[in-house]
Amino acid sequence: MITVADLWIRLDALASPLPGERAPLVSAQDRILREPILAPEDQPPFDRSAIDGYLVHADQPAGLVTLEGTIPPGSPAPAAAPAPGTAVRILTGSALPPENAALIMQEDTKATDTGRIHLLQSPSAKHIRRRASQARAGDTLLSPGQILNAGALALLASVGATTPLVSRRARVAHLVTGGELTAPDAAPTAGQIRDSNSTLIAALLRDSHAGLVFHQRVSDSRAATADALAAALATSPDILLVSGGASVGDHDHTGALLAAQGFTIHCDKVASRPGKPFIAASRDGCLAFGLPGNPLSHFVCFHLFVRRVLARLAGTEPVALIRARLAPRAELRPDPRETWWPCIWADEGATRRVLPLPWRDSSDLTVLATTEGLLRVPATTGAGAEVEVLPCR
Ligand code: AMP
Ligand code: MG
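The written sequence of each chain sets the order in which its residues are numbered from 1. Chains carry letters and ligands carry numbers; both start at the beginning, A for chains and 1 for ligands, and go up in the order they are written. In keeping with the predicted nature of the model, local features appear solely for residues at pLDDT of at least 70, side-chain atom pairs appear and are counted solely at 80 or more, and the whole-chain, interface and lining totals rest on all residues. In computing side-chain properties, one takes all heavy atoms of the structure into account and sets aside hydrogens as well as water.

**A look at the overall build of the protein chain**
Phase 1: Numbering of helices and strands starts at the N terminus; helices are DSSP runs of H or I of at least 4 residues and strands are runs of E of at least 2. Each helix and strand in the protein chain was counted, giving seven helices and 26 strands.
Phase 2: Taking the principal axes of its C-alpha atoms as reference, the protein chain extends roughly 100 × 50 × 40 Å.
Phase 3: A 1.4 Å probe rolled over the protein chains alone gives each residue an accessible area, and that area as a share of the maximum for its type sets the label: buried under 20%, exposed over 50%, partly exposed in between. Across the 393 residues in the protein chain, those meeting the buried criterion constitute 47%.
Phase 4: Note on definitions: a residue-residue contact is assigned when non-hydrogen atoms from the two residues lie within 4.5 Å. Here the analysis covers contacts within the protein chain between residues at least 6 apart in sequence; of these, 69% occur between residues at least 24 apart.

Structural data, given as structure tokens:
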């Protein structure tokens with residue numbers, strides 16, 4: 001049985017970044033930048049005022065000056081600084097002449113009844129926002145791999161990069177197997193349960209640079225599953241997820257059907273608790289995963305493997321494990337398999353610790369709403385004081 005770490009290595013080799021596409025800023029949020037963004041010109045492109053006040057010549061001392069006009073923000077800078085003895089009204093953002101400028105804040109001046117301005121202090125250059133003080137033309141502002149968060153989007157807007165090259169969202173097809181399942185809005189008959197994995201997967205995909213292009217629930221009949229699998233593959237997904245049916249029972253067809261479709265099966269079990277029956281397969285540009293149907297196993301397998309592959313397809317690094325200290329008195333049963341234990345962060349005084357959450361078994365959905373991470377409990381030995389946590393969003 002392959003270990004989680006070995007399967008990561010294998011999956012990393014199978015998942016290369018999808019080609020990028022240009023997207024307008026409104027739809028680029030949270031996507032991964034795939035090109036460097038260089039400053040097209042100096043930032044800011046001209047000297048600007050950081051204050052409301054007056055522009056004077058750099059040689060102007062404190063004293064009386066005559067007011068000669070205004071530079072409203074948005075109008076071009078004058079070619080030269082005002083002559084000594086005169087001042088020009090400026091506001092925050094006003095463009096300034098490139099040489100011999102000095103500024104004085106409005107609060108450090110007084111208007112006289114003769115219409116002149118009394119400068120109560122010596123003007124200086126300290127309130128000038130200099131051309132190129134943030135970046136020079138050609139400097140790198142953003143690098144490939146950057147997540148386009150609000151700040152990055154604003155930076156793109158400021159330099160007119162309004163259709164950045166970003167990762168294409170991975171196309172994901174999702175097949176949900178199980179004759180016992182009903183839609184969440186249907187009343188289950190005796191022996192049935194509601195399908196929660198479809199909702200889980202759709203929500204996790206929204207956070208993972210992916211879009212659902214196909215979704216279908218099928219019974220456990222092999223023929224029906226084969227038809228649904230063919231229909232899913234006909235949508236040319238980058239990723240095919242099959243929920244349930246990954247094990248060795250009479251109704252577990254995923255492995256055989258993927259093989260029949262020409263997929264290479266890379267593993268059918270992984271040494272992880274929960275999440276042992278787990279199929280990873282590939283064919284041309286498509287990666288297929290058979291996930292165990294139990295909801296907690298689903299959650300763990302998604303975070304361990306599917307989210308990792310989606311990050312690689314998007315051209316970014318997978319979420320890294322965080323080193324952390326276990327809360328004292330936390331009890332973790334050791335197991336022959338490595339365990340990925342739902343946990344939360346807990347503040348103990350000034351120290352941040354990891355607190356394992358109670359969970360009953362791999363069908364236990366009740367723990368998922370509060371889960372903030374998956375705590376890695378090494379096989380056999382159990383956890384020491386120092387642990388690793390895979391953060392979950
Ligand atoms: P399976 O992996 O198909 O053997 O399913 C394992 C367990 O997970 C069974 O008890 C299923 O009823 C349950 N299960 C399978 N699929 C779902 C689903 N979509 N939503 C909720 N539970 C499921
Ligand atoms: Mg099943």
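**Observations concerning the site of ligand 1**
Phase 1: Residues in contact with ligand 1 amount to 13 residues; listed here are only the nearest, Glu180, Asp195, Ser196, Gly245 and Gly293.
Phase 2: Within the side chain of Asn197, one N or O atom sits 3.2 Å away from a nitrogen atom of ligand 1.
Phase 3: Here an oxygen atom of ligand 1 and a backbone polar atom of Gly245 are 3.0 Å apart.
Phase 4: Where accessible areas are quoted, they stem from the Shrake-Rupley method and a 1.4 Å probe; at the residue level, only the protein chains shown are allowed to cover. Considered on its own, ligand 1 offers 480 Å² of accessible surface; in the complex 75% of this is hidden by protein.
Phase 5: Charged means Asp, Glu, Lys or Arg here, nonpolar means Ala, Val, Leu, Ile, Met, Phe, Trp, Tyr, Cys or Pro, and polar covers whatever is left, Gly included. The class makeup of the residues in the shell around ligand 1 is four nonpolar, six polar and three charged. If even one non-hydrogen atom of a residue comes within 4 Å of a molecule or strand, that residue is called near it. Here a polar contact is taken to be a pair of N or O atoms separated by no more than 3.5 Å, where protein atoms must pair a possible hydrogen donor with a possible acceptor and residues adjacent in sequence count only if both atoms sit in side chains.

**Re the packing of aromatic side chains**
Phase 1: Aromatic pairs are defined between Phe, Tyr and Trp rings, using the six-membered ring for Trp, whenever the two ring centres lie within 6.5 Å; interplanar angles under 30 degrees are classed as stacked, those over 60 as edge-to-face, and all others as tilted. Per the counting criterion, the structure on display carries four aromatic pairs.
Phase 2: Summarising the aromatic geometry, the rings of Trp341 and Trp359 are spaced 5.5 Å apart at their centres and angled 75° between planes, so their arrangement reads as edge-to-face. Linking Trp341 in strand S23 (residues 338–348) with Trp359 in the loop between strand S24 (351–356) and strand S25 (373–377), this pair joins segments that are 18 residues apart in sequence. Accessibility classification places Trp341 together with Trp359 in one group, the buried group.
Phase 3: Members of the aromatic cluster, each reached through a chain of ring pairs, are Phe278, Phe289 and Phe305.
Phase 4: Charge-over-ring placement is defined geometrically: NZ (Lys) or CZ (Arg) within 6 Å of the ring centre, and within 35 degrees of the ring normal. Of note, Arg89 hangs over the ring of Tyr54, and the distance from its end group to the ring centre comes to 5.3 Å.

**Remarks on the pattern of salt bridges**
Phase 1: Take a side-chain nitrogen of Lys or Arg and a carboxyl oxygen of Asp or Glu: if they are within 4 Å of each other, that pair is a salt bridge. This model, assessed by the stated rule, comprises 16 salt bridges.
Phase 2: Between Arg376 and Glu338 there is a salt bridge, and its shortest N-O distance comes to 3.0 Å. Taken together, the positions of Arg376 in strand S25 and Glu338 in strand S23 put the pair 38 residues apart, joining distant regions of the chain. Each member of the pair Arg376 and Glu338 is classed as buried.
Phase 3: Between Glu388 and Arg376 there is a salt bridge, with its nearest N and O atoms 3.0 Å apart. On the criterion of sequence distance, the pair formed by Glu388 in strand S26 (residues 386–391) and Arg376 in strand S25 is long-range, its members being 12 residues apart.
Phase 4: When salt bridges with common partners are traced through the structure, they connect Asp12, Arg308, Arg312 and Glu317 into a single cluster.

**Looking at the environment of Pro164**
Phase 1: In this structure, Pro164 sits in the loop between helix H3 (150–158) and strand S12 (165–167).
Phase 2: A relative accessible area of 1% places Pro164 in the buried class.
Phase 3: Residues Pro164 and Ala15 lie 149 residues apart in sequence; the distance between their C-alpha atoms is 23 Å.
Phase 4: Among residues more than four places away in sequence, those in contact with Pro164 are Glu21, Arg22, Ala23, Leu25, Ala28, Leu33, Glu35, Leu148 and Leu156.

**What to know about the nonpolar core**
Phase 1: Throughout, nonpolar core names a set of buried Ala, Val, Leu, Ile, Met, Phe, Trp, Tyr and Cys residues whose side chains join them through atoms within 4.5 Å. In terms of nonpolar packing, the biggest core is built from 52 residues, with Leu7, Ile239, Phe278, Phe289, Phe305, Leu310 and Leu375 touching the most fellow members.
Phase 2: When residues of this core are assigned to their parent elements, the largest contribution, 11 residues, is made by helix H7 (residues 295–313).
Phase 3: Start and end positions for the domains come from either an automated domain assignment or a database one. Each of two domains, domain 1 (4–17 + 168–314) and domain 4 (322–391), supplies a minimum of three residues to this core.
Phase 4: Residues within four places of Ile239 in sequence aside, it is in contact with Arg171, Val172, Ala173, Leu287, Phe289, Val309, Leu310 and Leu313.
Phase 5: One finds Val218, Val242, Leu257 and Phe263 within the second-largest nonpolar core, a separate group that totals 18 residues.

**Quick notes on helix H1 (residues 4–14)**
Phase 1: Listed as buried for H1 are Val4, Leu7, Trp8 and Leu11. The arc enclosing the buried residues of H1, seen along the axis, measures out at 105°, which places them on a common side. Of the exposed residues in H1, the ones pointing more than 90 degrees away from its buried face are Ile9 and Ala13. This arc is taken over the directions from the axis of the helix to the C-beta atoms.

**What about the domain arrangement of the protein chain?**
Phase 1: What the domain assignment lists for the protein chain is domain 1 (4–17 + 168–314), domain 2 (21–42 + 143–167), domain 3 (48–129) and domain 4 (322–391).
Phase 2: Taking only C-alpha atoms into account, the centre of domain 2 sits 37 Å from that of domain 3.

**Considerations on the pairing of strand S5 (residues 63–71)**
Phase 1: At least two bridges found by DSSP between two strands is the condition for calling them paired. Relative to strand S9 (residues 117–119), S5 is paired through three bridges, and the arrangement is antiparallel. Residue pairing in the sheet places Leu64 in a bridge with His118 of S9.
Phase 2: Of the strand pairs in this sheet, S5 and strand S6 (residues 86–90) are connected by four bridges, and their pairing is parallel. Its bridge partner lying in S6, Thr70 is registered against Arg89.

**Overview of the sheet that holds strand S17 (residues 239–243)**
Phase 1: Taken in spatial order, the six strands of this open sheet run S16-S13-S17-S21-S20-S18, and their pairing is mixed. Sheet topology places strand S16 (210–218) and strand S18 (264–269) at the edges, where each strand pairs with a single neighbour. On average, adjacent strands in this sheet sit at an angle of 15° to one another, irrespective of strand direction.
Phase 2: Sheet topology places S18 next to strand S20 (residues 277–283); four bridges connect them, and they run antiparallel. Looking at S20, one finds that Thr264 is bridged to Ser282.
Phase 3: Packing of H1 onto the sheet brings it into contact with S18, S20 and strand S21 (286–291), and relative to S20 it is tilted by some 25°.
Phase 4: As a rule, the C-alpha atoms of each element are fitted with a line to give its axis, helices using only the stretch in contact, and angles between N-to-C directions run from 0 to 180 degrees. Packing against the sheet, H7 makes contact with strand S13 (170–177), S16, S17, S20 and S21, and its axis sits at approximately 170° to S21.

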